[in-house]
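Listed here are the chains, written in short residue letters.
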Amino acid sequence: MPATAALPYPALLSSDQVREREQSLARTLPHYSLMARAGAATARLALAIAPHARHVWVVCGAGNNGGDGLEAAIHLQAAGKTVHISLQPSAGKALPTDAAHALQRAQAAGVPISDQPPAHFDLAIDALWGMGLRADRSTPAEGPVRAWLQCLLDTDRDVLCIDTPSGLLADTGAWLPWLAPLAPQAPRGRRFTLSMLALKPGLFTLQGRDWAGEVWLAPLLAQNPVWRCDQMPAAGIDAPSGTGQLVTQAQTPLPTHNSHKGLFGDVAVIGGQSASHDGQGMEGAAMLAASAALHAGAGRVMLHLLGSNPASPRPAGIAADIMLRSLEATRALRGSLVCGCGGGSLVAGVLPQVLQHAGSLVLDADALNALAAQPALQRRAAQASSTGPTVLTPHPLELARLLGSSTEQVQRDRIGAARQAARQWQCLVVLKGSGSIVAAPDGRYAINHSGNARLSIGGTGDVLAGCMGAHLAALPPGSSWAQAWQPLLNAVWLHGHAADTWPPARMLTASRLARSLQRPG
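A few points on the structure. Being a predicted model, the structure only gives us computed values, none of them experimental.

With that settled, the discussion passes to the packing of helix 12 (residues 366-373) against helix 14 (residues 396-403). The geometry of helix 12 relative to helix 14 is characterised by a closest axis approach of 8 Å and an angle of 20° between their N-to-C directions. With respect to helix 14, the axis of helix 12 lies roughly parallel. Both helix 12 and helix 14 take part in a crossing whose hand is left-handed. For the pair helix 12 and helix 14, the contacting residues are Leu368, Asn369, Leu371 and Ala372 in the first and Glu398, Arg401 and Leu402 in the second. Of the residues in the contact of helix 12 with helix 14, the class split is 4 nonpolar, 1 polar and 2 charged.

Take a look at the structure:
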């Protein structure tokens, strides 16, 4: 099928990359230009998201992030808002040059400044700490700054964060260790973040999805535009090499009328250990994966339930479109193979044969646990990518087992853990969770921007595995992981998008999710 014109994904830059961009841009501009643009952009967005807010509390740190807040306060007061600034004490240190200039301007404009928050506010602007926050900042905030932080975390009012929510690490989405116990599970009110110069990965994974909220970008260009991260114009997307990608849409092939099922490829699902083996039937997991592959667009779907034989009855609930096959028959297909969903203890016995598959291979759930427990299988898995793309789909605990680490270590740096696994295993890795990470052996990574908490139910991971199988099925045997990269991003995004578009009044289940998937194009 012919491909659509590739629409660029927004780039995700690390803190170091953003600093390089900032320094490069500052060399071309007059003094104070970047802070002036940042403050004006913040005020403009504040007026757009909370037009009826009358009282605005601006919480400013003692660095350039605070200077951006001071500049925004000047514009908001000029727009008729009642503005109150809380300014972090500088602890005897001079403010950075631009921040000191912003403070002089705010004082000259008569904006009230104190170390106490106002008695009431409709909108808070968090300009306390931005991208410059270091992960090794071990000293907890004290005094009024700690009280301001707690107020920002607990408030049910709208909060607009400049660059990042204070205390959230821009590269990982994790809280500062000492701040994590202070943060509720989720914010009580609406959250917005205006990321300066570039989008940061931490805004879109782990704690970032909840606490950054709706993310906007101010690239600080000449016309000082402000764009929502998933509505950026193609001309405004700059994706230098070595950056991540924010997956905001599927880039699916154009459909052709002159098609047949062979063009969409075959998917075989191996898993679903029978209850007759140990009394714990897990057939449902493999059935969900097969259903997802069917509805996501595979040309044909075959299913082998581990522990079954040709005389086994056909389990109730399997769609007539899905063909039950022997293990030998599933191994002979030329499309993609999904293995591990509900595989139980039996999956370890079939993995050596599965790893010889010549097409695309998706390893999920119990297949990953079997790999983690058997070094010999690990070596075979690393070699399997030479005959076709291999995809590992762990949740954090499964990835911790594969890497010999802990769930806490994986979650502390989800991007780093996924990239490490992709390099170590020479395969594609999809680390599931809030802001799923997709990583490749060459170090590239992407963060998925679709999905919501409705996916936090049993079986949705099996649906994702089947959806991936469908999107990879059309790749010819011997394809490289690079050829599988975009189909994999499509599968992950469409899986989350199905949850995003599910009717609010209807309960979402994994089986319903599988049936709601759509063929690419």
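Reading across the sheet, the 11 strands line up as 1-10-19-18-17-16-15-14-11-12-13 and stay open at both edges, with mixed pairing between neighbours. The sheet is open, and its two borders are formed by strand 1 (11-12) and strand 13 (322-324), each paired with just one other strand. Bridge count for strand 1 against strand 10 (residues 244-247) is 2 bridges, and the pairing is antiparallel. For Ala11, the partnering residue across the bridge sits in strand 10 and is Gln245.

Attention shifts here to the environment of Ser14. Its location among the elements puts Ser14 in the loop between strand 1 and helix 1 (15-26). You can call Ser14 partly exposed: its relative accessible area is 24%. The spacing of Ser14 and Gly242 is 228 residues in sequence and 9.6 Å in space, taken between C-alpha atoms.

Here helix 18 (residues 481-500) is 20 residues long and its end C-alpha atoms lie 28 Å apart, about the 28 Å a rise of 1.5 Å per residue gives. The largest bend along helix 18 reaches roughly 25° and is located at Pro487.

Strand order in the open sheet made by the 8 strands is 4-3-2-5-6-7-8-9, with mixed pairing throughout. A single partner strand is all that each edge strand has here, and the edge strands are strand 4 (113-114) and strand 9 (227-228). Sheet topology note: the strand 2 (residues 55-60)/strand 5 (residues 123-127) ladder contains 5 bridges and is parallel. Following the sheet pairing, Val56 is matched in strand 5 by Leu123. Strands in contact with helix 3 (residues 64-78) are strand 2, strand 3 (82-87), strand 5, strand 6 (158-162) and strand 7 (191-196); relative to strand 2, the strand with the most contacts, it is inclined by about 160°.

Tallying each qualifying case throughout the model produces 0 disulfides. Considering cysteine sulfurs only, Cys161 is the nearest to Cys151, which forms no disulfide, with 13 Å between them. Considering cysteine sulfurs only, Cys339 is the nearest to Cys341, which forms no disulfide, with 8.3 Å between them. Classification of Cys341 as buried rests on a relative accessible area of 1%.

For the coordinates displayed, the defined rule picks out 3 aromatic pairs. Pairing Trp57 with Phe121 gives two aromatic rings, centres 5.2 Å apart and planes at 50°, and the pair type is tilted. Placement of the pair is Trp57 in strand 2 and Phe121 in the loop between strand 4 and strand 5, with a sequence separation of 64 residues. Exposure remark for Trp57: the relative accessible area of 0% places this residue in the buried category.

Bringing the pattern of salt bridges into the picture now. Taken as a whole and judged by the stated rule, the model has 10 salt bridges. A salt bridge links Arg190 to Asp158; the nearest nitrogen and oxygen atoms lie 2.7 Å apart. Taken together, the residues Arg190 in the loop between strand 6 and strand 7 and Asp158 in strand 6 connect sequence positions 32 residues apart. Given a relative accessible area of 43%, Arg190 falls into the partly exposed group. Through salt bridges with shared partners, one network takes in Glu214, Arg228 and Asp230.

Basis of the calculations
- Residues numbered from 1 in each chain as written.
- Predicted model: local features only at pLDDT ≥ 70, side-chain atom pairs only at ≥ 80, totals over all residues.
- Heavy atoms only, no water.
- Axes fitted to C-alpha atoms, helices over the stretch in contact; angles between N-to-C directions.
- Helix = DSSP H or I, 4+ residues; strand = E, 2+ residues; numbered from the N terminus.
- Parallel < 35°, antiparallel > 145°, perpendicular 65-115°, else oblique.
- Left-handed = near helix turned anticlockwise from the far one by under 90°.
- Contact = heavy atoms within 4.5 Å.
- Nonpolar A, V, L, I, M, F, W, Y, C, P; charged D, E, K, R; others polar.
- Pairing = 2+ DSSP bridges.
- Buried < 20%, exposed > 50% of the residue type's maximum accessible area, 1.4 Å probe, protein only.
- Expected span 1.5 Å × (residues − 1).
- Bend = angle between axes of the 7 residues up to and from the residue.
- Disulfide = S-S within 2.5 Å.
- Phe/Tyr/Trp six-rings, centres within 6.5 Å; stacked < 30°, edge-to-face > 60°.
- Salt bridge = Lys/Arg side-chain N within 4 Å of Asp/Glu carboxyl O.

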